[in-house]
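Read off the chains here:
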Amino acid sequence: MQKGVRIISRRLHLFVWPVLLVIFIEFLNRGSLTSTLEWIIRNPGEMVLNYVVIFCLFLFFTALTGRSRISFWIMSVFVLVAGLISGVKFKILGVPLLPWDLFLSSETTDIVQYLNGLFDFKTVIGIVLFFAASVALLYFVPWTHARFRWKENIVLGVLAVLVAAGVYLDKPFPVKSALNISTIPWNQADNYKVNGFMLSTVLNIEQIIIDAPQGYSQANMENFMKRVERRTNIDPNVKPNIIVILGEAFWDPTRMKNVTFSEDPVPFIHHLQKNYSSGDMMSPQFGGGTANVEFEVLSGNTVRFLPEGAIAYNQYMNRRVDSLASILARQGYQTASVNPFHNWFFNSRNVYQNFGFSKFISSEYFEADYNGPYLQDKAVMKKIIEQTDTSAGPDFVFANTMENHAPFTPDKFAKNSIKVSGDFPEDTKGMLESLAQGVRNTDEALKMLVEHYEKKGEPTIVVLFGDHLPSMGNNFKAYKDTGYLSDTDDSATVLNKMYTLPVVVWNNYLPAHQDKLDISSAFLGPYILDLAKREGTPYTDYLFSLSKKFPVIPPRNHYERLNISDADVKEYQMMQYDILFGEQYAFGGFRDKIINPKFTLGYGEMVIDSVSPLHQNTAGGNGGESSVQISGKNFAPSSVVYLNDKALKTTYENRQSLSAVIPKDLASDSEKPYHFVVKVIDSKNLPIQSTAVKQMESLK
């Protein structure tokens, strides 16, 4: 009996030590012990599964070495390296260390950059305390030194594998489901904050590897490229502006037949539908995942061939990928992306560069022109107009809107001008009125844009499409309350009703025609190239031909209903694999002409031309705060002036002028010369653009 108790006691440390490892890696990843402890208290289920993952790894190494101490130190080194790199990357880029950083990213060889400036005081103290506690536990606490025989090693190894597999597969016991664990693939920063480092890594692993389709080879790809029927309707004489607008949650609520609106929410859209090409676009998303729709429209690739729930921008857009932007840039177009949200959201900054845009105007470069919680759609249209009016040649602009983003609460806008009535609950009425106001605002913004190009007369094509239906209540509440959707609807009905969005196409120069569109979002880009009579690539020409045979590529379980077989899309899948994961044979001689080497954020390079003293406030005593005027170009509303690496209180006046207040201690600083820098700071408090240093010998 005593012998059995002694054996068990000497193995209890196997269950205790992983707790220390979990706390240590979360401290390194989050940057503070306080935030780590808050996470443990708020997310006990996630903490437990992080512990289980570390526990399994600990058992596995113990089984390999036969020594628990050695196993602990192996795990400590892993935790130290992974946690440090992730924590520093989080500070620099606003995202943690992700599995695809190691397997898919073109920046893998530069991972050591995250080690620069690694050890701040707080981190050093944390590391010292961890190793001090570890030494105390391992060498001064009785019964924590165990040597395991080969039979026990086998048991430990098998146990580690079985438990890890159970957590990963959620079988035979649905632990993740019971603890309500879910991944947040569209925002990996939040994913890691909620789920913890080790669990998030495990949840992301299944998104890493995409197997090559059978038959993928250079020879087969080259033969395929030769067989593609190329479009011949290219007009070398006309290069129209091409403006493509993703309307956030833009949908036509009048499709809900049991709902009465006091007036038409989208009168201009309905006008365009009667006189220009329009129709339906099948989106791969409902209620969110905007980036996946962008991915399909811009590149022609489809998330249908990616793991369900994957966010292509975050997980697979780690290399150059040909897009509408790069295709048109090679034909002399200026290309810009306009997005009234954070530059980092959905990895947009890196994605747009990899897509070949020359410019990305994110929310950091917008004036504070809000309607509700988001920048209004008319502000986006003004940026589009400015881009096309100030460039010398034809423009391609891809723009997002945000004004109609969830939530659809009754108080979202200052006033809802459209009233809704029908036999449904009051909360549903409130959501519908908010949606009606949101799409009305999009409708009016589009009208403003179209009227501008009507007056200007420059050949222009404008395309507006909705990215996904709005999510209004849990379990399709508003749609079911109004009778638009029913619990008895089959999967085909749900797909058609909940994933079909309006698309309208206006132009001011083509002969009158009305294409009746019914296509997948991945086929919209090839359609636009054909409409504008712009040269495509073998890939876009192939997709254009494929869209004539199969205009909609649905989820795999709907293939049979739409008379699609795996063989029908095999070449499509192979081409996409080549582009995203393979050798990119499809890009032929233009692979090095996809990324624009002069890609910039905002309006171009920021420059300080001069720094001029304004005044000195001496009311507080011997000297006081000084003010300076910074003159230059391409400043942004999020600009901050720095003096000798210290941020100053900055006022944005316009793109050519900033003013900044210099505190007394800096103004009287004996250190000379004075170095001024202007940086654009985003919502994560990270600098995303900077001027060169402007040196001043005196502030007088």
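Residues numbered from 1 in each chain as written. Predicted model: local features only at pLDDT ≥ 70, side-chain atom pairs only at ≥ 80, totals over all residues. Heavy atoms only, no water.

1. Observations concerning the overall build of the chain
Link 1 in the chain: Secondary structure summary: the chain contains 25 helices and 22 strands in total.
Link 2 in the chain: Across the chain, every contact between residues at least 6 apart in sequence was considered, and the portion connecting residues at least 24 apart equals 73%.
Link 3 in the chain: Carbon and sulfur atoms form 55% of the exposed surface of the chain, whose accessible area is close to 31100 Å². (Helix = DSSP H or I, 4+ residues; strand = E, 2+ residues; numbered from the N terminus. Contact = heavy atoms within 4.5 Å. Areas by Shrake-Rupley, 256 points an atom, 1.4 Å probe, with all protein chains shown as cover.)

2. Quick word on the packing of helix α12 (residues 218-227) against helix α24 (residues 570-580)
Link 1 in the chain: As a packed pair, α12 and α24 sit with axes 11 Å apart at the nearest point and diverge in direction by 120°. When the interaxial angle is binned, α12 and α24 end up oblique. You can see that α12 and α24 cross each other, and the crossing is left-handed. Within the contact between the two elements, α12 uses M221, F224, M225 and R227 and α24 uses E571, M574, M575 and D578. (Axes fitted to C-alpha atoms, helices over the stretch in contact; angles between N-to-C directions. Parallel < 35°, antiparallel > 145°, perpendicular 65-115°, else oblique. Left-handed = near helix turned anticlockwise from the far one by under 90°.)

3. Focus on the pattern of salt bridges
Link 1 in the chain: Under the counting rule described, the total for this entry stands at 18 salt bridges.
Link 2 in the chain: Salt-bridge contacts for E26 lead to R30; the nearest nitrogen and oxygen are separated by 2.7 Å. Of this pair, E26 and R30 both sit in helix α2 (residues 13-30), four residues apart, which is roughly one turn of the helix.
Link 3 in the chain: The buried category is assigned to E26, whose relative accessible area is 0%.
Link 4 in the chain: Connected via shared salt-bridge partners are R230, R231, D530 and D541. (Salt bridge = Lys/Arg side-chain N within 4 Å of Asp/Glu carboxyl O. Buried < 20%, exposed > 50% of the residue type's maximum accessible area, 1.4 Å probe, protein only.)

4. Description of the sheet that holds strand β12 (residues 516-520)
Link 1 in the chain: Here we have nine strands laid out as an open sheet, ordered β12-β3-β11-β10-β1-β8-β4-β5-β13, and mixed in their pairing. One side of each edge strand has no neighbouring strand; the edge strands of this open sheet are β12 and β13 (600-601).
Link 2 in the chain: Sheet topology note: the strand β4 (residues 334-338)/strand β5 (residues 359-361) ladder contains three bridges and is parallel. Along β5, the bridge assignment pairs S337 with F360.
Link 3 in the chain: Sheet strands in contact with helix α18 (residues 377-390) are β1 (241-247), β4, β5 and β8 (395-400), and its direction is about 165° off that of β8. (Pairing = 2+ DSSP bridges.)

5. Let's talk about the pairing of β4
Link 1 in the chain: Of all five residues in β4, four are buried; the element is thus mostly enclosed.
Link 2 in the chain: In this sheet, β8 lies alongside β4 in parallel orientation, the contact comprising five bridges. Looking at the pairing, A336 lines up with V397 of β8.
Link 3 in the chain: In this fold, β4 hands off to helix α17 (residues 348-354), which returns the chain to β5; that crossover is right-handed. (Right-handed = clockwise from strand over helix to strand, strands pointing away.)

6. Section: the pairing of strand β10 (residues 460-466)
Link 1 in the chain: Counting buried positions along β10 yields seven of seven residues, so the element is predominantly enclosed.
Link 2 in the chain: Taking every second residue as pointing to the same face, both faces of β10 are buried, with T460, V462, L464 and G466 on one and I461, V463 and F465 on the other.
Link 3 in the chain: The sheet contact formed by β10 and strand β11 (residues 500-507) spans five bridges and is antiparallel. Among the inter-strand pairings, I461 is bridged to a residue of β11, identified as N507.

7. Structural notes on the packing of aromatic side chains
Link 1 in the chain: Tallied over the full model, the rule gives 35 aromatic pairs.
Link 2 in the chain: Look at Y216 and Y577: their rings are 5.0 Å apart centre to centre, the planes differ by 75°, and that puts the pair in the edge-to-face class. Of this pair, Y216 sits in the loop between α11 (197-205) and α12 while Y577 sits in helix α24, and the two are 361 residues apart along the sequence.
Link 3 in the chain: Residue Y577 is classed as buried on the basis of its relative accessible area, which comes to 13%.
Link 4 in the chain: Here the aromatic cluster, defined as three or more aromatic residues joined through ring pairs, consists of W17, F24, F72, W73, F130 and F131.
Link 5 in the chain: Over the ring of Y484 we find K497; its NZ or CZ atom is 5.3 Å from the centre of that ring.
Link 6 in the chain: Geometry around Y603 places R655 over its ring, the cationic atom sitting 3.5 Å from the centre. (Phe/Tyr/Trp six-rings, centres within 6.5 Å; stacked < 30°, edge-to-face > 60°. Lys NZ or Arg CZ within 6 Å of the ring centre and 35° of its normal.)

8. Notes on the nonpolar core
General note: in soluble globular proteins, nonpolar side chains tend to be found buried as a group.
Link 1 in the chain: With 148 residues, the main nonpolar core has F396, Y572 and F676 as its most contacted residues.
Link 2 in the chain: At ten residues, helix α19 (residues 426-456) tops the list of elements feeding residues into this core.
Link 3 in the chain: Ignoring anything within four residues of it in the chain, the contact list for Y572 reads G300, N301, T302, F305, A522, F523, Y539, Y542, L543, L546 and I553.
Link 4 in the chain: Counting residues in hydrophobic clusters, the runner-up holds 34 residues, among them L14, V52, V79 and L97. (Core = buried A, V, L, I, M, F, W, Y, C linked by side-chain atoms within 4.5 Å.)

9. As for unusual backbone geometry
Link 1 in the chain: A cis amide bond, omega 10°, links A406 with the succeeding residue P407.
Link 2 in the chain: Inspection of the secondary structure puts P407 in the loop between β8 and β9 (420-421).
Link 3 in the chain: Positive phi values are uncommon outside glycine, yet A249 reaches one of about 50°.
Link 4 in the chain: Relative to the assigned elements, A249 resides in the loop between β1 and β2 (260-261).
Link 5 in the chain: Even without being a glycine, K533 presents a positive backbone phi close to 55°.
Link 6 in the chain: Structurally, K533 can be placed in the loop between α22 (524-531) and α23 (538-549).

10. Some thoughts on helix α10 (residues 188-195)
Link 1 in the chain: Here α10 has its buried residues at Q188, A189, N191, Y192 and N195. Projected down its long axis, α10 carries its buried residues within an arc of 165°, all on one side.
Link 2 in the chain: At the exit of α10 stands G196, carrying a positive phi of roughly 85°. (Arc of directions from axis to C-beta.)

11. Quick look at the confidence of the model for the chain
Link 1 in the chain: Looking at the chain as a whole, its pLDDT mean stands at 87, while 87% of the residues score no less than 70.
Link 2 in the chain: Between residues 1-5, whose pLDDT stays under 50, and residues either more than four places distant or in other chains, the model counts zero contacts.
Link 3 in the chain: Below a pLDDT of 50 lies the segment residues 618-622, which in the model reaches three contacts outside its immediate sequence neighbourhood of four places, other chains included. (pLDDT = per-residue confidence, 0-100.)

12. Focus on the environment of R591
Link 1 in the chain: By secondary structure assignment, the location of R591 is in the loop between α24 and β13.
Link 2 in the chain: The class of R591 is partly exposed, set by a relative accessible area of 32%.
Link 3 in the chain: Separated by 271 residues in the primary sequence, R591 and R320 place their C-alpha atoms 8.0 Å from one another.
Link 4 in the chain: Every residue in contact with R591, bar those within four places of it in the chain, is listed here: R320 and Q584.
Link 5 in the chain: A distance of 2.7 Å separates a polar atom in the side chain of R591 from a polar atom in the side chain of Q584. (Polar contact = N/O pair within 3.5 Å; in protein donor to acceptor, adjacent residues only side chain to side chain.)

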